Amino acid sequence: MGRLLQVRVSAWTYSEDEVRTAWPSLWKLAWPDSNAIPKKGVMELADAVFDAVRAGLIPDNQAKALKEHADKADELRQSIEKALGDWQPGEADKLTYALEDTMDALEDIAADF
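Predicted model, so just to flag it, every value in this text is computed and none were measured.

Rules and cut-offs
Residues numbered from 1 in each chain as written. Predicted model: local features only at pLDDT ≥ 70, side-chain atom pairs only at ≥ 80, totals over all residues. Heavy atoms only, no water. Helix = DSSP H or I, 4+ residues; strand = E, 2+ residues; numbered from the N terminus. Buried < 20%, exposed > 50% of the residue type's maximum accessible area, 1.4 Å probe, protein only. Contact = heavy atoms within 4.5 Å. Areas by Shrake-Rupley, 256 points an atom, 1.4 Å probe, with all protein chains shown as cover. Patch = residues over 30% accessible without salt bridge, like charges linked within 9 Å, V, L, I, M, F, W, Y side chains within 5 Å. Salt bridge = Lys/Arg side-chain N within 4 Å of Asp/Glu carboxyl O. Lys, Arg positive; Asp, Glu negative; His and termini not counted. Charge placed at Lys NZ, Arg CZ, Asp CG, Glu CD. Expected span 1.5 Å × (residues − 1). Arc of directions from axis to C-beta. Core = buried A, V, L, I, M, F, W, Y, C linked by side-chain atoms within 4.5 Å.

Looking only at helices and strands, one finds five helices and zero strands in the protein chain. Listed N to C, the secondary structure of the protein chain is α-α-α-α-α in terms of helices and strands. With the C-alpha coordinates of the protein chain rotated into their principal frame, the extents come out at 50 × 30 × 25 Å. Burial status across the protein chain gives 35% buried among its 113 residues. The long-range share in the protein chain, meaning contacts at least 24 apart out of those at least 6 apart in sequence, stands at 55%. As displayed, the protein chain has an accessible area near 7,400 Å², and 50% of this comes from carbon and sulfur atoms.

Let us look at a negative patch on the surface. Where like charges cluster on the molecular surface, the negative patch consists of Glu100, Asp101, Asp104, Asp108 and Asp112. Of note, Asp104 is situated in helix 5 (residues 89–110). Its relative accessible area of 36% is what places Asp104 among the partly exposed residues.

Here we take up unusual backbone geometry. If you check the backbone angles, Trp87 has positive phi at about 60° while not being a glycine. As for its placement among the helices and strands, Trp87 is situated in the loop between helix 4 (60–85) and helix 5. The partly exposed category is assigned to Trp87, whose relative accessible area is 48%.

Once that is clear, we can look at the environment of Trp23. Within the fold, Trp23 resides in the loop between helix 1 (16–22) and helix 2 (24–30). For Trp23, a relative accessible area of 4% translates into the label buried. Note: C-alpha distance between Trp23 and Val42 (19 residues apart in sequence) is 9.6 Å. With sequence-adjacent residues up to four places away left out, Trp23 is seen in contact with Val42, Leu45, Glu100, Met103, Asp104 and Glu107.

Let us now look at the side chain of Gln62. The residue Gln62 is located in helix 4 in this model. Setting aside residues up to four positions removed in sequence, Gln62 forms contacts with Leu29 and Phe113.

Let us look at helix 5. Counted at 1.5 Å a residue, the expected span for helix 5 with its 22 residues is 32 Å, and the 31 Å between its end C-alpha atoms agrees. Taken as a whole, helix 5 has its buried residues at Ala92, Leu95, Leu99, Thr102, Met103, Leu106, Glu107 and Ala110. End-on view of helix 5: buried residues confined to an arc of 145°, all on one side of the axis. Residues of helix 5 that are exposed and point over 90 degrees away from its buried face: Lys94, Asp101 and Asp108. Considering only its buried residues, helix 5 is in contact with helix 1, helix 2, helix 3 (42–54) and helix 4.

Let us now look at the nonpolar core. Core analysis: the biggest nonpolar cluster contains 30 residues, and Leu26, Leu45, Leu99, Met103 and Leu106 have the highest contact counts within it. Within the residue set of this core, elements represented by two or more residues are helix 2, helix 3, helix 4 and helix 5. Ignoring any residue separated from it by four or fewer positions in sequence, one finds Leu99 in contact with Val42, Met43, Ala46, Ala73, Leu76 and Ile80.

Okay, structure coming up:
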């Protein structure tokens, strides 16, 4: 890296609309007022679902049903961030597939609420 120019390895969501389409039940659960949230990507949704479960922002029966996968999604989200921070984009890429699969499992659960 230069003195003024920095190189970053990052991951971001290309289309927030696709996140809403892929996981509509999670979207509504995590962000009942989504206009208040400025950035609504995959990583942010995983974090918001984890927070909703952990902080008791949703009913207990829903939190219990989501807990295992919400914990896994949070672990994967943190692992992606760590891999990117360690300049391991290949590892981060592999983890994104696991995170999306976990979000699919969470959506299947949340769709029953």
